[in-house]
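Residues per chain are reported as follows:
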Amino acid sequence: MAPTTIVSNGLPETVFKMADENSVSISESSREIPPIAHPTPEDAFGVAANIQYHAHYSPHFSPSKFEPEQAFFSTAESVRDTLIQRWNETYAHFHKVDPKQTYYISMEYLQGRALSNAIGNLGLTDAYAAALYKLGHDLETIVEQEKDPALGNGGLGRLASCFLDSMATLNLPAWGYGLRYKYGLFKQKITAKGQEEYAEDWLEKFSPWEIVRHDVVYPIRFFGEVLVESDGKRKWVGGEQLQALAYDIPIPGYKTKNTISLRIWEARSPPQDFDLYAFNAGKHINAADLQFKAQQICAVLYPGDETEEGKLLRLKQQYLLCSASLQDILARFKERRSKDKPFLWAEFSKKVSVQMNDTHPTLAIPELMRLLMDEEGLGWDEAWTITSSTVAYTNHTVLPEALEKWSQAVMAKLLPRHFEIIAEIDKQFHALVGKIRPDLEDKLSSLSILDSSNPDKPVVRMANLCVISSHTVNGVAELHSDILKKELFADFNSLWPTKFQNKTNGVTPRRWLRFCSPELSTIITKWLRTDEWVTNLDLLTGLRQFADDKQLQTEWAAAKTANKQRFAKYLQDVTGIEVDSNSLFDIQIKRIHEYKRQLLNILSVIYRYKKIKELSKGEQMKAVPRTVMLGGKAFATYAQAKRIVKLVNDVGQVVNNDRDVSHLLKVIFIPNYNVTVAELAIPASELSQHISTAGMEASGTSNMKFALNGSLIIGTLDGANVEIREEIGKNNFFLFGARAEDVPILRKQREEGKFVPDPRFEEVKDFIRSGKFGDYDYGPLLESLEGNTGYGRGDYFLVGQDFPSYLEAQSKVDEAYRNQAHWIKMSILSTAGSGKFSSDRTILQYAQEIWKIQACPVP
Ligand SMILES: *Cc1c(COP(=O)(O)O)cnc(C)c1O
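Residues numbered from 1 in each chain as written. Predicted model: local features only at pLDDT ≥ 70, side-chain atom pairs only at ≥ 80, totals over all residues. Heavy atoms only, no water.

K.L.:
Looking at this structure, I do not really get the side chain of His360. What am I missing?
P.N.:
Structurally, the position occupied by His360 is in the loop between strand S12 (352–357) and helix H14 (364–375). For His360, a relative accessible area of 8% gives the class buried. Not counting chain neighbours up to four residues away, the residues in contact with His360 comprise Met107, Leu156, Tyr302, Arg314, Gln318 and Glu404. (Helix = DSSP H or I, 4+ residues; strand = E, 2+ residues; numbered from the N terminus. Buried < 20%, exposed > 50% of the residue type's maximum accessible area, 1.4 Å probe, protein only. Contact = heavy atoms within 4.5 Å.)

Structure, rendered in structure tokens:
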């Protein structure tokens, strides 16, 4: 029997040790455990028997092996049994109670590994650790077998996943819809050439978490034409037809029975489309043609949209997601109205709320209109009332190039009926403005949905369609929501002042503290004398009163050190570089983008390197050793971002191999950034960088994860940084840089040639130009910091402008780090002030202020 000493992360530490030391013979130990199905085990023996059962009776490998990989799949299937049971109960309960339900539609989810999260939420971590020990394995190794399903690019997808966790935990009748991309976001490898992309085949050996629903299949049409019938009804016919097939990924709540669903769609061609005649005639390729074409639709996340083909594919993805999800929502609405409950369509928006995560699912609007009118026979006005009281839209960006626009020609060809509906919505909007706000008529060219100002390229503006059709529009941090109201959507705001809201983002405290830093969690629980902070994050403020307590500081520092050592080991494994765990861990991890300004970071690192080299030995003794780590993927076609990755790696090569400085400075590029890497890096971080040009980062969520883990922030007044700084206190935040309201003025001055660069900025650029970091051509990167014109050039991101104040903030960091007791205090205060940034708070606000839904806990 395994010892029962349990440390508070739930992992019996002694169990791990014994598994290592005694190295139990796998076949021998597992023979003692009979393979018995136990779908909802509660103790280690039941769990072990159920894992054995799956190893024997739902095999995916030859029976002779039970190595970590095999053990992972059997373990995951065993967990899945429990999740299926709970999912069924939750669904039956929702069906019976018939509450208003929210559907969150998102093109992206970044779920991260599911095994450790699921057993953590189920409260079965100890049982699973002990069971695996009985089977000759240790939980940690098994957990590491799981691939990250990378069905998203970055923050927007991770937000959707945090939201699902909170919706389940808060027992809300809600679930998510997405797409089942065969290949997720690419796998990043770093070579001498810089970033290289490889296919991420997350489904290579199937995913144990998805449950295919062969009975949940909907027809999807593309192209074709619109027929007008004798009674005036319009009907979309012809074109290509395929099907959307549902897969459910169960999402368990933390310490609740409620288990909701992420339903993802896969495109396939209807079975009768397999051309048997052609196949028999030997034309094998032709026969499989339609199958192949259908499979392309969900092949990859964000196919490049440089080509017409690529654009069409992306629009097909968007439509598939919206159409399948809405058909499903309508079907459920009808299903829940049994024969004794005759239904009224007018009730629809009292039972259904649809949230669009950015404009990617905008086609939900014309699709709901089409289904209600053409399939259900409603008139325009009734369909419009229902649609516009059902859908709500979250805006995630004010970057002009990220505001989606589709060619009218492409839209009219692929989705002729939807294009008609969109044009009609636009027409009615014009009529409305003429009637109630004639003063806005001269603004209509920028407010309308259809923009034909460029006769060669008329487009559909998806954001305008969303704003006009949604009952609520929200930004994702206070600053961002203000910019929406005052700038991007100012005229809409004057037309519908109550439509606009703010919902500051949040992150789930389960994945982003409780499970990713068990060490810190134990300490927090001990000092707060409760673990209720895991579901009531505001309780963290209780740590403030102990921030000066030497005992807490000692424990806190020890936990940080343990996390640093764990991450240092990981870095050594993946990069071969040895990291000093006593150095300041300074981390910037996020998608590589010019507005996020990884370039500003690396330029200051180069400056630091130069200055360290100039120090005397005595001065060197006083310097604070730092390990600067950057990680993130650059979009495959984003050349400037890839140059930044290359520069970071080249600087690392030089600095890390320079014996004069490598004890004081290391520069490491963390390869293949994803959720799992974030879970290792964030708890280890002491300083994290959130240094976007003010006004450009809508919110950011990694800033919240870092602050929650006691990492101090160096940052600009941008996105949620503003609110984080307010919550944790100005003195615990290293602020620098231009303010959002000054950015347009500074850009103008720059364009007019009035900007005088700091000599240190020039010095660093000259140093790169000198070839110090190799012979790669950094010309285009340096040029982006020079000229004075236009978007994307002429230092649009104000790196030169903010460089001096950034260097000053960095000196303050060094100074502060010298006083370790004070630094630890700031770290404690950072965690203590992070309560607001729980996604539970965010989701509760969505539920109360936008969705109008209530908790529906399974009894
Ligand atoms: C949280 C998270 C992000 C978002 O990071 P930002 O710094 O807010 O842009 C992106 N990717 C992953 C894997 C994350 O966990």
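Right, picking up where we left off after that structure.
K.L.:
Before we go on, may I ask you to explain the site of the ligand in this structure?
P.N.:
By nearness alone, 16 residues border the ligand, and Lys590, Lys596, Thr701, Ser702 and Lys705 come closest of all. A distance of 2.8 Å is found between an oxygen atom of the ligand and a side-chain nitrogen or oxygen belonging to Lys590. Ser702 places a polar side-chain atom, nitrogen or oxygen, 2.6 Å from an oxygen atom of the ligand. Out of a free accessible area of 390 Å², the ligand has 96% covered by protein chains. Looking at the shell around the ligand, the elements that each hand over two or more residues are helix H8 (155–169), helix H28 (675–684) and helix H29 (702–708). Considering only residue class, the shell around the ligand consists of six nonpolar, six polar and four charged. When residues are assigned to domains, the shell around the ligand turns out to be shared by domain 2 (102–112 + 148–505 + 845–851) and domain 3 (562–837), each giving three or more. (Near = heavy atom within 4 Å. Polar contact = N/O pair within 3.5 Å; in protein donor to acceptor, adjacent residues only side chain to side chain. Areas by Shrake-Rupley, 256 points an atom, 1.4 Å probe, with all protein chains shown as cover. Nonpolar A, V, L, I, M, F, W, Y, C, P; charged D, E, K, R; others polar. Domains from an automatic or database assignment.)

K.L.:
Help me understand the sheet that holds S12, please; the structure alone is not making it clear to me.
P.N.:
With respect to topology, nine strands assemble into an open sheet ordered S7-S10-S11-S4-S1-S12-S13-S17-S18, the strand pairing being mixed. Every interior strand has two partners, whereas the edge strands, strand S7 (211–222) and strand S18 (500–502), have only one. Across the sheet, the axes of successive neighbouring strands diverge by a mean angle of 25°, strand direction being ignored. (Pairing = 2+ DSSP bridges. Axes fitted to C-alpha atoms, helices over the stretch in contact; angles between N-to-C directions.)

K.L.:
Teacher, can you tell me more about the pattern of salt bridges here?
P.N.:
Pairing is possible between side chains of opposite charge, provided their charged atoms come close. Inspection of every chain in the model, using the stated rule, returns 55 salt bridges. Here Lys205 ties to Glu69 by a salt bridge, and the two come within 2.6 Å at their closest N and O atoms. Placement of the pair is Lys205 in the loop between strand S6 (194–198) and S7 and Glu69 in helix H4 (residues 68–97), with a sequence separation of 136 residues. Assessed through its relative accessible area of 37%, Lys205 is described here as partly exposed. When the shortest N-O distance is used, the salt bridge between Asp573 and Lys569 registers 3.5 Å. Of the two residues, Asp573 and Lys569 are both situated in helix H24 (residues 550–575); the distance of four residues between them amounts to about one turn of the helix. (Salt bridge = Lys/Arg side-chain N within 4 Å of Asp/Glu carboxyl O.)

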